[in-house]
Amino acid sequence: MTTQQDSTVRAAVWEMTQRARRAQQTLASASRARKDRTLQALGEAIWDQRRYILDHNQADLSAGADNGLSVALLDRLTLTEQRMAGLRSALNELATLPDPVGEVVRGRNLPNGIRMQQVRVPIGVVGAIYEARPNVTVDISGIGLKAGSAVLLRGGSAAEHTNRATIAILRSALADQGFDPDVIQSVDEHGRAGARAMMELRGGVDLLIPRGGAGLIRSVVDNARVPVIETGAGNVHVYVDASADPQMAADIVLNSKTHRTSVCNAAETLLIHREAVQAGREALRALAQAGVRLHLDDAARQLIAATDSPSAGMLLEVTEQDWDTEYLDMEMAVGVVDDLQTAMEHIQAHTTGHTEVIITNDLSHADTFIAGIDAAVVMVNASSRFTDGGQFGLGAEIGISTQKTHARGPMGLEELTSTKWILRGQGQIRT
């Protein structure tokens, strides 16, 4: 793209941010009741027109298959009746949640009589860059609306038809409810140049959130000039401790890996204590029978030798690269460790800071794991698939932050607000 073309796109996106800011000013002062009615209307609109959206989604899926899109991305791209129902439910759930805007975070009376409060306020204009995830279009639009912020979306070429159809429906429903439809806009027509403009337009985009693979996230983090909240890749570990119940271990490991493989909270690495022989075998048997390709170290291979024999090609030798791979598919790295400390050291060396799981019946080991593992979510005896805004009761989620900022883990309504201080005096002056 020439410099002149790039400049033209920047100007177009800048104008979009200014329209978003004007639209957001009205949204910011809207009552909870009005926002909740609108969220319910958005949910009904996408449900009533789900056939229209699904037809456009099928066009994206056909193009994706022709273009060699990976199985994981095709799964993320796919909308079904069930997933459409889930999107409507997420919007309806958002309508039931407390409005964060105006919430008093803390406050006190100063010695000089001034009354001081810190309250939640909308961020303003929130940008989102994501790929092959049409559900994100609805999730971020809904959270932005409830949290009082306009959203500027770049959903990527893979979901071009689905996103265009969905955004048109959402904007029409907004207008029907008396809101400026520029509360929700897309830069997709401008392609990658539009995404670059979002990254660079300080004063236009107040906060940028990338959702996608490690490459997309790194590109945004490295190139953005606007504030970014990094939603990280999920190299999720499950550690089976020596005291783990075998059936529990098998159930949790299988669910963490296979419930839905293409998402960031799916487990990618299994670590087994050398004394957890039965639990390890049960977990490996469950994975093998489900059709998971296992990348095994020598000790782990000895464990699976006593299980049902998998088909040829399902057992591979683990490599150093495997420990850092987010497969997003029916594959998993497996290793045996000598003790809890070794497991924790391995996790800390390879974690992306998303979700880490221990399966144990030893309370002290659980506490040690919780204290020693640095991740957004640490779980004891539960599937990694619970790292999700909906499962946390946050409604839809805007992403799962792996940063150590105010937003860490699943990001819901509160994470999409900022705060401001309000001081009320009676003529006090500083001396």
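The structure displayed is predicted, hence computed values, not measured ones. Every residue gets a number counted from 1 within its own chain, in the order that chain's sequence is written. For a predicted model such as this one, the threshold for reporting local features is a pLDDT of at least 70, and the threshold for listing and counting side-chain atom pairs is 80 or more; totals across whole chains, interfaces and linings nevertheless cover every residue. For the side-chain quantities, the full set of heavy atoms in the structure was used; hydrogens and water were omitted.

How should the pattern of salt bridges be read in this particular structure?
Where side chains of opposite charge bring their charged atoms close, a pairing between them can arise. Basic side-chain nitrogens of Lys or Arg form a salt bridge, by our definition, when they fall within 4 Å of a carboxyl oxygen of Asp or Glu. Scanning the model with the defined rule gives 28 salt bridges in all. With its nearest N and O atoms 2.9 Å apart, the salt bridge here joins Asp75 to Arg260. Of this pair, Asp75 sits in helix 4 (residues 71-77) while Arg260 sits in the loop between helix 10 (246-258) and strand 8 (267-273); the two residues are 185 residues apart in sequence, bridging distant segments of the chain. For the exposure calls, accessible area comes from a 1.4 Å probe over protein chains only, and a residue counts as buried if that area is under 20% of its type's maximum, exposed if over 50%, partly exposed in between. For Asp75, a relative accessible area of 24% puts it in the partly exposed group. Classification of Arg260 as partly exposed rests on a relative accessible area of 24%. Residue Arg120 pairs with Glu414 through a salt bridge whose shortest N-O separation is 3.4 Å. Helix and strand definitions follow DSSP, with helices as H or I runs of at least four residues and strands as E runs of at least two, each counted in order from the N terminus.

Honestly, the pairing of strand 8 in this entry has me stumped. Any pointers?
On a regular strand, each side chain points to the face opposite its neighbour's, so the side chains alternate between the two faces of the sheet. Taken across its 7 residues, strand 8 has 7 buried, putting it largely inside the fold. Whether two strands pair comes down to DSSP finding at least two bridges between them. Bridging between strand 7 (residues 236-240) and strand 8 involves 5 bridges; their strand directions are parallel. Bridge pairing in strand 8 links Val240 to Ile272. Call a crossover right-handed when, viewed with both strands pointing away from you, the route from the first strand across the helix to the second goes clockwise. In this region the chain leaves strand 7, passes through helix 10 and returns to the parallel neighbour strand 8; the handedness of that crossover is right-handed. Pairing between strand 8 and strand 11 (residues 331-337): 5 bridges, direction parallel. Counted as the bridge partner of Ile272 is Val336 from strand 11.

How should I be thinking about the sheet that holds strand 4 (residues 150-154) in this particular structure?
Whether parallel or antiparallel, the strands of a sheet pair through hydrogen bonds between backbone atoms. Strand order in the open sheet formed by 4 strands is 5-4-3-6, and the pairing between neighbours is parallel. Every other strand in the sheet has two partners, leaving strand 5 (184-186) and strand 6 (207-211) as the edge strands with one partner each. The average undirected angle you get between the axes of adjacent strands in this sheet is 20°. We call two residues in contact when some of their heavy atoms are within 4.5 Å. Only the stretch in contact is used when a helix axis is fitted, and all axes are lines through C-alpha atoms; the angle between N-to-C directions ranges over 0 to 180 degrees. Against the sheet, helix 1 (residues 3-28) contacts strand 3 (125-130), strand 4 and strand 5, and its axis sits at roughly 150° relative to strand 4.

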